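# Coordinates in review
Here's the letter readout for the chains.
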Amino acid sequence: LGQYRFRIDRYWCPLIVQLVAYEVQYEVFHGMKEQHTSDHLDTATSNIAGAVGGVISACVLSWFVNTCHNFYSARLLQEDPNESSTLVNIVYRVMRCYVKILSCLRINRKSEIQKLGMEEKLKGQQKELNDPRHPRDHISLDKDDEGLFLETIVSAQAINIWSILMP
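Residues numbered from 1 in each chain as written. Predicted model: local features only at pLDDT ≥ 70, side-chain atom pairs only at ≥ 80, totals over all residues. Heavy atoms only, no water.

Another aspect to go through is the overall build of the protein. When you go through the protein residue by residue, the secondary structure sums to 6 helices and 0 strands. Reading the protein from its N end, one meets helices and strands in the order α-α-α-α-α-α. In terms of overall dimensions, the protein is more spread out than a globule: its C-alpha atoms have a radius of gyration of 22 Å, far above the 15 Å expected for 167 residues. In terms of principal-axis extent, the alpha carbons of the protein reach across some 80 × 30 × 25 Å. Residue burial in the protein is summarised as follows: out of 167 residues, 32% are buried. Partitioning the intrachain contacts of the protein with sequence separation of at least 6 by distance along the chain shows that 67% fall at a separation of at least 24. Positive and negative side-chain charges of the protein, numbering 18 and 20 respectively, have mean locations separated by a distance of 7 Å. (Helix = DSSP H or I, 4+ residues; strand = E, 2+ residues; numbered from the N terminus. Rg over C-alpha atoms; globule rule 2.2 N^0.38 Å. Buried < 20%, exposed > 50% of the residue type's maximum accessible area, 1.4 Å probe, protein only. Contact = heavy atoms within 4.5 Å. Lys, Arg positive; Asp, Glu negative; His and termini not counted. Charge placed at Lys NZ, Arg CZ, Asp CG, Glu CD.)

Right, dumping it as structure tokens:
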């Protein structure tokens, strides 16, 4: 999974995909077993339906995770602090709580909590930069925050669907 940049905090995605695929396979198999007792068409059809159900659920989950993570990353990086809707605010707060819970459980990377601190620094500097009375003319980051900034940009990339389907 490492080659697909699949992080431990997203292991719930493949579990959901496996559950959906199993349930689809099970329901199709039991729905067809009375009609196809000797030709094993029920097994073949249920396997195909389970695979299709797994792929569809992986696509839906990756879209959902990518959308939520894009909102979260955009807010962390202060991409457009003036443009935020109620939905974006809710998703950001949920993702922020999710990061804090995973960090308390020591499942997440330590840098995820540090990114929240970097976001506060960026927000403050952004306000100073937009204030015409303040002498700040650029946003500056120290070496640690620069590394966190780059890590945030890299982790903002879309999740690979194959990484969800691999387990």
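So, on to the packing of helix H3 (residues 86–104) against helix H4 (residues 110–130). One can describe the packing of H3 onto H4 by two numbers: an axis separation of 9 Å at closest approach and a directional angle of 135°. By the criterion of interaxial angle, the relationship of H3 to H4 is oblique. In this structure, H3 contributes Tyr92, Arg96, Val99, Lys100 and Ser103 to the contact, and H4 contributes Glu112, Ile113, Leu116, Glu119 and Glu120. Its residues assigned to classes, the contact of H3 with H4 comprises 4 nonpolar, 1 polar and 5 charged. (Axes fitted to C-alpha atoms, helices over the stretch in contact; angles between N-to-C directions. Parallel < 35°, antiparallel > 145°, perpendicular 65-115°, else oblique. Nonpolar A, V, L, I, M, F, W, Y, C, P; charged D, E, K, R; others polar.)

Glancing now at helix H5 (residues 143–155). For H5, which comprises 13 residues, the first-to-last C-alpha distance of 18 Å matches the rise-based estimate of 18 Å (1.5 Å per residue) to within 8%. Buried within H5 are the following residues: Asp145, Leu148, Thr152 and Ser155. End-on view of H5: buried residues confined to an arc of 85°, all on one side of the axis. Along H5, exposed side chains directed more than 90 degrees from the buried face belong to Lys143 and Leu150. (Expected span 1.5 Å × (residues − 1). Arc of directions from axis to C-beta.)

The phi dihedral of arginine 106 is positive, around 60°, even though this residue is not glycine. Tracing the backbone shows arginine 106 in the loop between H3 and H4. The exposure class assigned to arginine 106 is exposed, which follows from its relative accessible area of 74%.

Any segment with low pLDDT has predicted coordinates that should not be analysed in fine detail. Within the protein, residue pLDDT values average 82, and 92% of them lie at 70 or more. Confidence, read as mean pLDDT per element, is least for helix H6 (residues 161–165) in the protein (71) and greatest for helix H1 (residues 12–32) (91). (pLDDT = per-residue confidence, 0-100.)

This brings us to a nonpolar patch on the surface. Together, Ile8, Tyr11, Ile101, Leu105 and Ile107 line one region of the surface with nonpolar side chains, adding up to about 480 Å² of accessible area. Secondary-structure assignment places isoleucine 107 in the loop between H3 and H4. Classification of isoleucine 107 by relative accessible area gives partly exposed; the value is 35%. (Patch = residues over 30% accessible without salt bridge, like charges linked within 9 Å, V, L, I, M, F, W, Y side chains within 5 Å. Areas by Shrake-Rupley, 256 points an atom, 1.4 Å probe, with all protein chains shown as cover. Salt bridge = Lys/Arg side-chain N within 4 Å of Asp/Glu carboxyl O.)

A few words on the environment of cysteine 68. Note that cysteine 68 resides in helix H2 (residues 41–76). In this structure cysteine 68 comes out as buried when scored by relative accessible area, which is 12%. Between the C-alpha atom of cysteine 68 and that of tyrosine 92, which follows or precedes it by 24 residues, the distance is 7.6 Å.

We now examine the nonpolar core. Note that soluble globular proteins tend to have their nonpolar side chains buried in a common cluster. Cys68, Tyr72, Leu76, Val91, Tyr92, Met95, Val99 and Leu116 form the largest nonpolar core, which has 8 residues in total. Where this core is concerned, the elements lending two or more residues are H2 and H3. The greatest single-element share of this core, amounting to 4 residues, is contributed by H3. Contacts of tyrosine 92, omitting those with residues within four sequence positions, involve Tyr72, Arg75 and Glu119. Within the second largest apolar cluster, 7 residues are counted, among which are Cys13, Val17, Ile159 and Ile164. (Core = buried A, V, L, I, M, F, W, Y, C linked by side-chain atoms within 4.5 Å.)

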